[in-house]
Amino acid sequence: MPIIFVADDFGMGADINNAILHAAKSGILHATALMLGQSGTAEAVAMARANPGLKIGWHLHLNDSIPTTMSHWPWGTSPARAGISMSISRRSREIMHGEITRQWELFRETGLPCHFVNSHHHLHAHPAVFETLREVLGADFKGWIRLGKIHFFHGAVPFFNSASAVDALFRRERGLSTWRCSDTLWGLDRLFAMNAHEVCAAISNLPEGFHEFLFHPRNLSCPDTRCLLELKTLLPS
């Protein structure tokens, strides 16, 4: 039963980079998603090259970040504004297309293998973004994408449960083959506050499949970093 612990925002800044590397070396962290064009990107790439056991993916960013093709996002930091703008504005979709293309070029220039793709604030679930990713990555992309069914540790599941609905839409309407994706995604209800005992309890009840747990280490002492360190003592090696 494959279970993968993934940290987002690798490259956003030095504190985040150090926390992710510490969690990978001293805790249980299997993979991290690289942001291109940020203040810590060059350092993150060097860390990734020095630690080949840490799987690297692409963390597409379209808001609340430094763009790679302009000085700032026209829709600001809000993911909701970004999504609405890309839905109603042709110019916004052109900006998004150019940004995705450039970020993928920058990732390939690192020479690192891309094991998976996800995005800042889950914007790859936007139909226009998803379609552009299909185009830019092409049929040869062999990694996986964060499209798993969302699970909460406690309580009800969210109304919009899964980006897999987007994937199914494009498979049906455009005849595209599916990407590999995780069957479940855990952690959206515990952003920046992951708890090791909750993670262990969830793992003990998982069915067969491919299950992703999402983390956001911010520094060496933040809850998500501490959780990844504690998991090393709680889970079998």
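Going by the structure above, here's the rest.
Residues numbered from 1 in each chain as written. Predicted model: local features only at pLDDT ≥ 70, side-chain atom pairs only at ≥ 80, totals over all residues. Heavy atoms only, no water.

**Quick word on the sheet that holds strand 4 (residues 116-119)**
The condition is simple: By this definition, two strands are paired if DSSP reports at least two bridges between them. What counts as a helix is a DSSP run of H or I of at least four residues, what counts as a strand is a run of E of at least two, and both are numbered from the N terminus. Whether two residues are in contact is decided by their heavy atoms, any of which lying within 4.5 Å being enough. For helices, the fitted line uses only the C-alpha atoms of the stretch in contact; every axis is such a line through C-alpha atoms, and the angle between N-to-C directions lies from 0 to 180 degrees.
Taken together, the 9 strands give an open sheet; going across it, the order is 6-8-9-1-2-3-4-5-7, and neighbouring strands pair in parallel fashion. Looking at the sheet topology across the chains shown, the edges are occupied by strand 6 (149-151) and strand 7 (180-181). As paired elements, strand 6 and strand 8 (residues 184-186) share 3 bridges and run parallel to each other. When the bridges of strand 8 are listed, Lys149 appears paired with Thr184. Across the sheet, helix 5 (residues 127-137) touches strand 3 (55-60), strand 4 and strand 5 (144-145), and the angle it forms with strand 3 is around 130°.

**A closer look at unusual backbone geometry**
Even without being a glycine, Asp9 presents a positive backbone phi close to 75°. Locating Asp9 in the fold gives a position in strand 1 (residues 3-10). Phi is positive for His121, close to 60°, though the residue is something other than glycine. Secondary-structure assignment places His121 in the loop between strand 4 and helix 5.

**Brief notes about the packing of helix 1 (residues 14-26) against helix 8 (residues 223-234)**
Put simply, the test is: Convention used here: angles under 35 degrees read as roughly parallel, angles over 145 as roughly antiparallel, angles from 65 to 115 as roughly perpendicular, and any remaining angle as oblique.
Packing of helix 1 against helix 8 brings their axes to within 9 Å, and their N-to-C directions diverge by 5°. The orientation of helix 1 with respect to helix 8, classified from their angle, is roughly parallel. Contact residues: helix 1 offers Ala19, His22, Ala23, Lys25 and Ser26, while helix 8 offers Thr225, Leu228, Leu229 and Lys232.

**Some details on the environment of Thr41**
Convention followed: Residue burial is assigned from relative accessible area. The probe radius is 1.4 Å, only protein chains are included, and a residue is buried under 20% of its type maximum, exposed over 50%, and partly exposed in between. Polar contacts, as used here, are pairs of N or O atoms within 3.5 Å; protein pairs need one atom able to donate a hydrogen and one able to accept it. Residues neighboring in sequence count only if both atoms are side-chain atoms.
Of note, Thr41 is situated in helix 2 (residues 41-50). Overall, Thr41 belongs to the buried group, its relative accessible area being 9%. Distance from Thr41 to Met12, taken between C-alpha atoms, is 6.6 Å for residues 29 residues apart in sequence. Those residues in contact with Thr41 that lie beyond four places of it in its chain are Gly11, Leu34, Met35 and Leu36. At 2.7 Å, the side chain of Thr41 and the backbone oxygen of Met35 are in polar contact.

**Considering the packing of aromatic side chains**
Condition: Classification of ring pairs uses Phe, Tyr and Trp, with its six-membered ring standing for Trp, and accepts pairs whose centres are within 6.5 Å; under 30 degrees between planes counts as stacked, over 60 as edge-to-face, and the remaining range as tilted.
Throughout the structure, instances matching the rule amount to 11 aromatic pairs. Summarising the aromatic geometry, the rings of Trp104 and Phe107 are spaced 5.7 Å apart at their centres and angled 20° between planes, so their arrangement reads as stacked. Of the two residues, Trp104 and Phe107 are both situated in helix 4 (residues 90-110); the distance of 3 residues between them amounts to about one turn of the helix. Here Trp144 and Phe210 contribute two aromatic rings whose centre-to-centre distance is 5.0 Å and whose plane-to-plane angle is 80°, an arrangement assigned as edge-to-face. Of this pair, Trp144 sits in strand 5 while Phe210 sits in the loop between helix 7 (196-204) and strand 9 (211-215), placing them 66 residues apart in sequence. This pair shows no difference in class: Trp144 is buried, exactly as Phe210 is. Put simply, the rings of Phe5, Phe153, Trp186, Phe213 and Phe215 pair up and form one aromatic cluster.

**Here's the deal with the environment of Ala23**
Looking at the secondary structure, you find Ala23 in helix 1. Between the alpha carbons of Ala23 and Lys232 there is a distance of 9.7 Å; along the sequence they are 209 residues apart. Here Ala23 is in contact with Ile28, Leu29, Leu228 and Leu229, once residues within four sequence places are set aside.

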